[in-house]
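# Breakdown of the fold
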Amino acid sequence: MLHHTLFSVSLLAGQALARTITVSNGCNYTVWPALFTNPGITPPDVAMGWEAAAGSIVDLTVAAGWGGRVWGRTECDFSSDSALPSTCATGGCNGGLECDKTSGTGVAPATLAEWTLDADGSDWYDISVVDGFNIPMTLTNTGGGRNSSCSTDLNPGCPEALQVLDSDDEVIGCNSDCAADPTNEAACCSGSQHSTPETCPSSGVEHYQYFKDGCTDGYAYAYDESSESALFKLDSSTEADYTVTFCPS
Ligand SMILES: *[C@@H]1O[C@H](CO)[C@@H](O)[C@H](O)[C@H]1NC(C)=O
Ligand SMILES: *[C@@H]1O[C@H](CO)[C@@H](O)[C@H](O)[C@H]1NC(C)=O
């Protein structure tokens, strides 16, 4: 009953709530999840990275107002004690097993789950392959908001120019056009000619459709809001929690 009382009070005050983010590894291989908090926001008191065996589930608590991202790293080897991103085949960050809180943003390509909590009274969230793809992911919620999904494995069909290979020549990541060539301003929505939604349409991104077909409810390029299936929100005063699932079934 105490819990019920607190909830009612916070609703009356329109107060934002802490969130639980559950990170579930549905892949049949180990993933090393990573967490990064946006600049200017206090990181949560949880590990910034950990080893997630196939089938494992970890709960994180983030405070109201948090903003940041969760992603998965693959084929990591921390035995050399190296803190460089190259300790993982994809998604590696500065810092080692735990990503550095200020510089551990992670290296493309990586599928990202992203949040901006409590902005204008809403929690905003999405899955993004703007920086390329490494693992199929979903981001579901218990608050009735739309679920975000990049659930197709985009590695097997990845166009050759975008492929990232591991040491066994397996395709383990698929760069976005921007990640493959950061000087491609039409694909990156950068530079004075392409920096707005109007001047950076999806038609300027060569492999947009490949990513959008597999990432039906997620960001397939920087200004994908116009697809109306990229960025989702729910009322910040809704009691809701989130689940990130790698390799959803
Ligand atoms: C994991 O799943 C893939 C695809 O279903 C399959 O090809 C592979 O053999 C599985 N690996 C293991 C270790 O079970
Ligand atoms: C989102 O996914 C969760 C978990 O699978 C499900 O319970 C919920 O109904 C889904 N929400 C929507 C709006 O489809």
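The rules behind the values
Residues numbered from 1 in each chain as written. Chains lettered and ligands numbered in written order. Predicted model: local features only at pLDDT ≥ 70, side-chain atom pairs only at ≥ 80, totals over all residues. Heavy atoms only, no water. Helix = DSSP H or I, 4+ residues; strand = E, 2+ residues; numbered from the N terminus. Buried < 20%, exposed > 50% of the residue type's maximum accessible area, 1.4 Å probe, protein only. Core = buried A, V, L, I, M, F, W, Y, C linked by side-chain atoms within 4.5 Å. Contact = heavy atoms within 4.5 Å. Disulfide = S-S within 2.5 Å. Near = heavy atom within 4 Å. Polar contact = N/O pair within 3.5 Å; in protein donor to acceptor, adjacent residues only side chain to side chain. Areas by Shrake-Rupley, 256 points an atom, 1.4 Å probe, with all protein chains shown as cover. Pairing = 2+ DSSP bridges. Axes fitted to C-alpha atoms, helices over the stretch in contact; angles between N-to-C directions.

## Examining unusual backbone geometry
Geometrically, the link from alanine 108 to proline 109 is a cis peptide bond, its omega value of 0 degrees lying close to zero. Among the structural elements, proline 109 can be located in the loop between strand 4 (67-73) and strand 5 (112-119). In the Ramachandran plot, glutamate 75 falls in the positive-phi region, its phi being about 50 degrees despite a non-glycine side chain. One can find glutamate 75 in the loop between strand 4 and strand 5. For glutamate 75, a relative accessible area of 42% corresponds to the partly exposed category. Look at cysteine 189: it is not a glycine, yet its phi comes out positive at around 55 degrees. Mapping cysteine 189 onto the fold places it in the loop between helix 3 (185-188) and helix 4 (208-214). Taking the relative accessible area as the measure of exposure, cysteine 189 reaches 10% and is therefore buried.

## With respect to the nonpolar core
One finds Ile21, Trp71, Trp115, Leu139, Phe211 and Tyr242 to be the most contacted residues of the largest nonpolar core, which totals 50 residues. Sorting elements by how many residues they give to this core places strand 5 first, with 4 residues. With residues up to four places along the chain from it excluded, the contact list for tryptophan 115 reads Ile21, Asn38, Trp66, Gly67, Gly68, Arg69, Val70, Trp124, Tyr125, Leu139, Tyr242 and Val244.

## Considerations on the state of the cysteines
Scanning all chains against the criterion turns up 7 disulfides. In this model, cysteine 150 is linked to cysteine 215 through a disulfide, with the two sulfur atoms separated by 1.7 Å. In this pair, cysteine 150 is assigned in strand 8 (residues 148-150) and cysteine 215 in the loop between helix 4 and strand 11 (232-235), connecting sequence segments 65 residues apart. The class of cysteine 215 is buried, set by a relative accessible area of 0%. Here cysteine 158 is linked by a disulfide to cysteine 174, with a sulfur-sulfur distance of 2.1 Å. Given an S-S torsion of about 85 degrees, the disulfide between cysteine 158 and cysteine 174 has right-handed geometry. Separated by 16 residues along the polypeptide, cysteine 158 in the loop between strand 8 and strand 9 (163-165) and cysteine 174 in strand 10 (residues 171-174) bring together distant segments of the chain. Neither cysteine 158 nor cysteine 174 differs from the other in exposure class; each is buried.

## Describing the site of ligand 2
Around ligand 2, a shell composed of Thr140, Gly145 and Asn147 is seen. A distance of 2.3 Å separates an oxygen atom of ligand 2 from a polar atom in the side chain of asparagine 147. In isolation ligand 2 has 360 Å² of accessible area, and contact with the protein removes 36% of it.

## A few points about the sheet that holds strand 6 (residues 122-128)
Spatially, 2-4-5-6-11 is the arrangement adopted by the 5 strands of the open sheet, whose pairing is antiparallel. Only two strands of the sheet have a single partner each, and these edge strands are strand 2 (32-37) and strand 11. When the angles between neighbouring strand axes are averaged without regard to direction, this sheet yields 15 degrees. Of the pairings in the sheet, the one linking strand 2 to strand 4 comprises 6 bridges and is antiparallel in character. Of the residues in strand 4, the one forming a bridge with tryptophan 32 is arginine 73.

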